[in-house]
Amino acid sequence: MALASLFEKIVGSDANIAFTAYDGSKAGPDGSDVALEVKSPIAVAYLAQAPGELGLSRAFVSGHLDVRGDLYTLLDRMWKITTIDLTAAEKLAAVRSLGMKPLLMRVPSPPQEIRQSTLAKLGSRHAKQRDAEAIHHHYDVSNRFYNWVLGPSMAYTCAVFPEESSSLEEAQFAKFDLVARKLGLKPGMRLLDVGCGWGGMVIHAAKHYGVKALGVTLSRQQAEWAQKAIAEAGLQELAEVRFMDYRDVTESDFDAVSSIGLTEHIGRANLTSYFSFLYGKLKPGGRILNHCITRPTGKEKTFNKGGFINRYVFPDGELESVGVLVREMEDRGFEIRHQENLREHYARTLKFWCDNLESHWDEAVEEVGMGTARVWALYMAGCIVGFERNKVQLHQVLGVKLDQEGRAGLPLRPSLDWP
């Protein structure tokens with residue numbers, strides 16, 4: 001069977017995607033604004049080894065599958081491939097229709113793919129050493145590369161757009177300020193920010209609220225960037241970022257804890273100890289704001305061992321539903337006072353990041369290599385589609401550690417500008 005015929009069978013004839021392949025076959029309209037090109041038999045071999053998302057990702061990252069036009073538009077039009085799960089037998093039948101050669105051709109995975117054997121040597125999922133390697137794989141790419149993608153804020157989490165016309169920087173400021181207001185930060189308070197990234201929340205809390213803030217991260221490059229940014233801002237007396245596991249923080253009696261984009265790395269088996277640990281770090285009346293990507297229900301897989309995201313982007317990452325997180329927080333002693341879904345805001349954030357990467361594409365390729373740049377382009381474009389189509393969500397959950405009399409210390413109603 002010609003490759004174009006197989007493509008049309010899977011994608012459909014009305015997807016408005018042009019398709020060409022090394023075997024000379026074509027499908028789709030010639031005038032389409034997006035096109036997919038299978039450049040060599042190696043791309044087919046990748047699909048034979050791993051039919052579906054992982055095989056397609058390997059072929060694209062390695063350059064044996066190419067895209068003309070906007071990657072997000074292509075993925076949006078090919079959405080049904082990711083939403084309709086073919087059975088193993090159906091996948092094998094599709095590959096066999098191409099002949100035996102792809103089935104017999106063994107090609108190594110692109111070097112950007114983290115080896116499962118490497119992780120296994122570092123212990124069970126979410127052991128400290130293994131977590132450190134997983135964080136290093138994703139976050140220690142290059143601070144220069146991240147600066148091009150994320151912009152001046154160096155905020156690698158969902159922004160909050162006050163207006164349709166808000167810039168990315170305005171939205172990232174609004175996100176940090178929303179967290180600060182939900183936590184009720186005031187001068188003289190102490191904040192613990194776990195998984196602090198490049199120190200955005202720590203710096204915001206110290207600079208704009210006079211809070212003494214401690215941030216911790218497992219990425220050495222993030223910590224070095226944050227420490228330099230703190231010094232340049234003259235905030236050394238209030239702000240600190242350490243290169244360390246949050247589980248090794250010895251201080252306690254914090255007025256507030258922020259966790260912005262860390263819970264995805266914790267794992268369901270560790271949620272109990274995670275929220276218990278953070279509960280123990282707060283003084284009575286202290287608040288916690290947990291901001292993380294979630295699944296829309298409790299029915300989806302929380303961990304996809306063979307998925308592109310796990311193999312190339314977030315090794316060992318796990319996504320829970322907000323219901324699971326709320327129950328865990330409640331069972332650890334927190335009273336839940338507010339939660340909101342910022343799903344559409346993350347789709348908008350990712351669009352800005354994709355545009356930033358495109359505008360710095362040549363420099364990014366020179367900095368991190370073509371394979372890694374392609375990983376990021378594919379990952380971020382795919383995530384836009386995921387958030388837009390409710391495959392994933394982004395929730396902020398506010399909890400309070402009540403005092404001995406059961407008092408939360410919150411106003412009867414939040415101010416009109418929150419959230």
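Before reading further, recall that the structure is shown in the block above.
On a predicted model such as this, the values are computed, not experimentally measured, just so you know. (Residues numbered from 1 in each chain as written. Predicted model: local features only at pLDDT ≥ 70, side-chain atom pairs only at ≥ 80, totals over all residues. Heavy atoms only, no water.)

**Structural notes on the overall build of the protein chain**
Moving on, step 1. Each helix and strand in the protein chain was counted, giving 19 helices and 11 strands.
Moving on, step 2. The buried share among the 419 residues of the protein chain stands at 53%.
Moving on, step 3. In the protein chain, the share of contacts with a sequence separation of at least 24, taken over all contacts with a separation of at least 6, comes to 72%.
Moving on, step 4. Roughly 18,900 Å² of accessible area belongs to the protein chain as shown, and the carbon and sulfur atoms make up 51% of that amount. (Helix = DSSP H or I, 4+ residues; strand = E, 2+ residues; numbered from the N terminus. Buried < 20%, exposed > 50% of the residue type's maximum accessible area, 1.4 Å probe, protein only. Contact = heavy atoms within 4.5 Å. Areas by Shrake-Rupley, 256 points an atom, 1.4 Å probe, with all protein chains shown as cover.)

**Things to note about the sheet that holds strand β1 (residues 18-21)**
Moving on, step 1. Spatially, β2-β1-β3-β4 is the arrangement adopted by the 4 strands of the open sheet, whose pairing is mixed. What marks the edges here is a single partner per strand, and that holds for β2 (26-27) and β4 (65-68).
Moving on, step 2. The pairing of β1 with strand β3 (residues 35-38) spans 4 bridges and is classified as parallel. Note on β3: the bridge partner recorded for F19 is L36. (Pairing = 2+ DSSP bridges.)

**So, the packing of helix α17 (residues 343-359) against helix α19 (residues 370-388)**
Moving on, step 1. Between α17 and α19, whose axes approach to 8 Å, the crossing angle comes to 155°. By the angle between their directions, the pair α17 and α19 is classed as roughly antiparallel. As for the relative orientation of α17 and α19, their crossing is left-handed in sense. For the pair α17 and α19, the contacting residues are R343, Y346, A347, L350, K351, W353, C354 and L357 in the first and A373, W376, A377, M380, A381, C383, I384, F387 and E388 in the second.
Moving on, step 2. Here the contact of α17 with α19 is built from residues that sort into 14 nonpolar, no polar and 3 charged. (Axes fitted to C-alpha atoms, helices over the stretch in contact; angles between N-to-C directions. Parallel < 35°, antiparallel > 145°, perpendicular 65-115°, else oblique. Left-handed = near helix turned anticlockwise from the far one by under 90°. Nonpolar A, V, L, I, M, F, W, Y, C, P; charged D, E, K, R; others polar.)

**Structural notes on helix α12 (residues 200-209)**
Moving on, step 1. Counting buried residues in α12 gives 8 out of 10 residues, a clear majority hidden from the surface.
Moving on, step 2. Taken as a whole, α12 has its buried residues at G200, M201, V202, I203, H204, A205, A206 and Y209.
Moving on, step 3. Buried positions along α12 lie against α11 (168-182), β5 (190-194), β6 (212-217), α13 (220-232), β7 (239-243) and β8 (254-260).
Moving on, step 4. Of the residues flanking the end of α12, it is G210, one or two places downstream, whose phi is positive at about 65°.

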